[in-house]
Amino acid sequence: MVEDLSFRPASAEDAALIDSIATSAFGPSEHRLSEIRRYLTLEPNYWLLAEIRGDPVGVVGATDYGSFTYLGMMTVREEFQRKGLGGALFSRELEWLEELGLLRLRLDATDEGFPVYHRAGFEVFDEAVMLERPGLREYEKVPGNVRGMNKEDLGVLTQFDRPIFGGDRTQLFDALLEDFPGRAFASYDR
């Protein structure tokens, strides 16, 4: 276990710091800082920083969707990995969420992180594969029945999404539409 480890709530002012922790662990990303800011703005209450003698070395965050809480951005600086810090950080986050009454938890796990979550009692209930097509493409031709999504579409989208996702992502969809204009599309049938 790492000596002199302490925890404190993170805030929106810590976004760049959290990005530096994630960059140390995962490498640079041109979109991560804006994603961190978005989640800290949408759900500022459930983020926890791990510090050693005041130096931030790890982070975990959570977003409450009402019917469940989603944990994410669990990361530790590269030089502190495999020393028990991730497990300690995760255990403290779970204790904190339990104190707040947030008991139904979900998360995504990498192969490296899976053992930490499994030891904490999490079980696989679904698997996902993330795919990426290199490079952004401008949308050349949009079919006639497809149009750019706008704020008026959000009610229909969240009503459609809620039973599938299991929680209310209205605020998230609104923030994504704001942050990435022209990248969401809608198509309606009867």
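What this report covers is the structure whose coordinates are included nearby. The model shown is predicted, which means the values in this text are computed figures rather than measured ones.

Right, let's get into the overall build of the protein chain. Counting its regular elements, the protein chain contains six helices and seven strands. Walking the protein chain from its N terminus toward its C terminus, one meets helices and strands in the order β-α-α-β-β-β-α-β-α-β-α-α-β. Principal-axis analysis of the C-alpha atoms places the extent of the protein chain at approximately 60 × 35 × 30 Å. Burial analysis of the protein chain (190 residues in total) assigns 35% to the buried set.

Taking strand neighbours across the sheet as the criterion, the five strands line up as 1-2-3-4-5 in an open arrangement whose pairing is mixed. Two strands in the sheet have a free side with no partner beyond their single neighbour: strand 1 (5-9) and strand 5 (105-107). Going across the sheet, the axis of each strand differs from the next one's by a mean of 25°, ignoring polarity. In this structure, strand 3 (residues 55-64) lies alongside strand 4 (residues 69-76), joined through six bridges in antiparallel fashion. Directly across from Val59, in strand 4, lies its bridge partner Thr75. Each of strand 1, strand 2 (48-52), strand 3 and strand 4 is contacted by helix 1 (residues 15-26), which is oriented at about 65° to strand 4, the strand it contacts most.

What follows is about the nonpolar core. Ranked by size, the top nonpolar core spans 21 residues in total, and within it Leu71, Leu85 and Phe90 carry the most contacts. Of the residues forming this core, the biggest block, six residues, is contributed by helix 3 (residues 85-99). The contact partners of Phe90, leaving out residues within four places of it in the chain, are Leu71, Met74, Leu107, Val116, Tyr117, Ala120 and Phe122. Core analysis: the next-biggest nonpolar cluster, separate from the first, contains 14 residues, Ala10, Leu40, Tyr65 and Phe68 among them.

Before going further, it helps to spend a moment on the packing of helix 1 against helix 2 (residues 32-42). One can describe the packing of helix 1 onto helix 2 by two numbers: an axis separation of 9 Å at closest approach and a directional angle of 130°. Considered as vectors, helix 1 and helix 2 are oriented oblique to each other. Relative to helix 2, the crossing made by helix 1 is right-handed. Two secondary-structure elements touch here, helix 1 through Ala15, Ala16, Ile18, Asp19, Ala22, Thr23 and Phe26 and helix 2 through Arg32, Leu33, Ile36, Arg37 and Leu40.

A word on the pairing of strand 3. In terms of burial, strand 3 is largely enclosed, as eight of its 10 residues are buried. Here strand 2 runs beside strand 3; their pairing, made up of five bridges, is antiparallel. Counterpart to Glu51 in the pairing with strand 3 is Pro56. Between the antiparallel neighbours strand 2 and strand 3 lie two residues, among them Arg53 with a positive phi of about 50°.

Conventions and cut-offs
Residues numbered from 1 in each chain as written. Predicted model: local features only at pLDDT ≥ 70, side-chain atom pairs only at ≥ 80, totals over all residues. Heavy atoms only, no water. Helix = DSSP H or I, 4+ residues; strand = E, 2+ residues; numbered from the N terminus. Buried < 20%, exposed > 50% of the residue type's maximum accessible area, 1.4 Å probe, protein only. Pairing = 2+ DSSP bridges. Axes fitted to C-alpha atoms, helices over the stretch in contact; angles between N-to-C directions. Contact = heavy atoms within 4.5 Å. Core = buried A, V, L, I, M, F, W, Y, C linked by side-chain atoms within 4.5 Å. Parallel < 35°, antiparallel > 145°, perpendicular 65-115°, else oblique. Left-handed = near helix turned anticlockwise from the far one by under 90°.

Everything listed here is a matter of geometry and, on its own, says nothing about what the molecule does.
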